[in-house]
Amino acid sequence: MKKRGFAVFLIMVFLLSLLAFPALAGISNVTVTATRDGNAKVRWDDSSYATSYDIKYRLDDWKPNYSYYQTSRNTNATLIHLIPGLTYKITVESGSSSSSTYYTVPYGVFKEYTTGNRLRLTETSFSISELEDWPNKTFEVQVYWPRLKYNRDYAAKLALKTPQGYCGKVVSWDSFTFENRFSYKYMTYSMMTDWLKDVEDDYREIPTGRYQFQFFVDGLLYDVANFVLYR
C-alpha cells in the first residue's frame, strides 16, 4: 500500500508540474492564408507569450539553411514577398522555440483585359563581366497598360526567375497605379547590385542563361519579360 501511495504521489507531482510550466510548449499551430491582394497572412499560437518573433521563409532549391525573414511583435504577420505558384517553408521562431509549415501561394492569370508585351525591358542581354566592371549600370523595367477611363490601383510584385529557380528578392508595391493619363510606368534598376547579388546569395553563384522577370497584380500574373545573361 505504501508503494502504491508513493507512485500516486509521483504522478500527481508530474501532472502539477505540467500545469505549472505551460510555456514549455512554445510556438505551435502555424497557419497561412491568402489575402485578397496576393499576400500571405501567417498566424500562430505561443504559450510562452514571447514579445518578438522571426518569421522565416525559404524555397527548397535555395542553398541549405538559407532563408529570408521579417520580424513581428504579435502572433501574426503578413508576408508580402512570396511569389504566386511557389511552395515555401515558413518557420516562426522565438528563442529556442520554433514551428514550421509549408505553404503554396495561389496562382492565377490577370484577365481583366488583354495583356501581352505589357512588360518590357530596355535591355534584353547582359554580360556578367561588364556588369562586374560597371555594377551601377542601370536599365528599365516598363509596365504597359491599355488606355483607361479611370485610374486603377493594384498591389503589385516584380519577381525574377533564374535558370536555377526563383530569386528571393521580390520588389512589392502596396499600391501600383495604372494611370489613365499615361500608358506605362517604368522602374530603374541596377542588374548587378539590385538583383544578381541576391541571386548569388540564394544559389552561391550567378548562373548564365535565360532569365525572366514576372510582374503580378493582386497576386495574378500580368506579364513576363525575358533576358539573357552571359559571360
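The preceding data block contains the structure.
Residues numbered from 1 in each chain as written. Predicted model: local features only at pLDDT ≥ 70, side-chain atom pairs only at ≥ 80, totals over all residues. Heavy atoms only, no water.

Enquirer: Would you mind showing me how to read the sheet that holds strand β5 (residues 76-79) here?
Expert: Two modes of strand pairing occur in sheets, parallel and antiparallel, and in both the strands are linked by backbone hydrogen bonds. Pairing within the open sheet is antiparallel, and its three strands lie in the order β1-β2-β5. Single-partner strands in this sheet number two, and they are β1 (27-34) and β5. Sheet twist, expressed as the mean angle between neighbouring strand axes with direction ignored, is 20°. Pairing between strand β2 (residues 40-46) and β5: four bridges, direction antiparallel. Directly across from A40, in β5, lies its bridge partner L79. (Pairing = 2+ DSSP bridges. Helix = DSSP H or I, 4+ residues; strand = E, 2+ residues; numbered from the N terminus. Axes fitted to C-alpha atoms, helices over the stretch in contact; angles between N-to-C directions.)

Enquirer: Before we go on, may I ask you to explain the sheet that holds strand β15 (residues 184-190) in this structure?
Expert: Spatially, three strands are ordered β9-β11-β15 in an open sheet, and the strand pairing comes out antiparallel. What marks the edges here is a single partner per strand, and that holds for β9 (119-121) and β15. Across this sheet, the average inter-strand angle for adjacent strands is 20°, counted without regard to direction. Note: β9 against strand β11 (residues 138-144), three bridges, orientation antiparallel.

Enquirer: What's the story with unusual backbone geometry in this structure? I'm lost.
Expert: Glycine aside, residues mostly have negative phi angles, and peptide bonds mostly take the trans form. Even without glycine at this site, Y49 takes up a positive phi of about 55°. Its location among the elements puts Y49 in the loop between β2 and β3 (53-58). At R204, a residue that is not glycine, the phi angle is positive and equals roughly 70°. Take R204: it is sitting in the loop between α3 (191-203) and β16 (209-217).

Enquirer: What exactly am I supposed to notice about the pairing of strand β7 (residues 97-104) here?
Expert: Here is the key point about a regular strand: its side chains alternate between the two faces of the sheet. Here strand β6 (residues 87-94) pairs with β7 via eight bridges, running antiparallel. Residue pairing across strands places K89 opposite Y102, the latter belonging to β7.

Enquirer: So what exactly am I meant to see when it comes to a negative patch on the surface here?
Expert: A cluster of acidic residues, E130, E132, D133, E200, D201 and E205, forms a negative patch at the surface. Counting residues per element, the ones that place at least two in the negative patch are α2 (128-133) and α3. The element contributing the most residues to the negative patch is α2, with three residues. Within the secondary structure, D201 sits in helix α3. (Patch = residues over 30% accessible without salt bridge, like charges linked within 9 Å, V, L, I, M, F, W, Y side chains within 5 Å. Areas by Shrake-Rupley, 256 points an atom, 1.4 Å probe, with all protein chains shown as cover. Salt bridge = Lys/Arg side-chain N within 4 Å of Asp/Glu carboxyl O. Lys, Arg positive; Asp, Glu negative; His and termini not counted. Charge placed at Lys NZ, Arg CZ, Asp CG, Glu CD.)

Enquirer: Even after reading the chapter, I still don't get the packing of aromatic side chains, so can you show me in this structure?
Expert: Aromatic rings in a pair are described by how distant their centres are and how their planes are angled relative to each other. Scanning the entire structure with this criterion turns up 26 aromatic pairs. For the pair W195 and F213, a centre-to-centre distance of 5.1 Å together with 75° between the ring planes defines the contact as edge-to-face. One end of the pair, W195, is in helix α3; the other, F213, is in strand β16, and 18 residues separate them in sequence. Residue classification places W195 among the buried positions, given a relative accessible area of 0%. Take F213: its relative accessible area is 0%, and that puts it in the buried class. The ring centre of Y144 lies 3.7 Å from the NZ or CZ of R120, which sits over that ring. Lying over the aromatic face of W195, K169 brings its terminal NZ or CZ to 5.0 Å of the ring centre. (Phe/Tyr/Trp six-rings, centres within 6.5 Å; stacked < 30°, edge-to-face > 60°. Buried < 20%, exposed > 50% of the residue type's maximum accessible area, 1.4 Å probe, protein only. Lys NZ or Arg CZ within 6 Å of the ring centre and 35° of its normal.)

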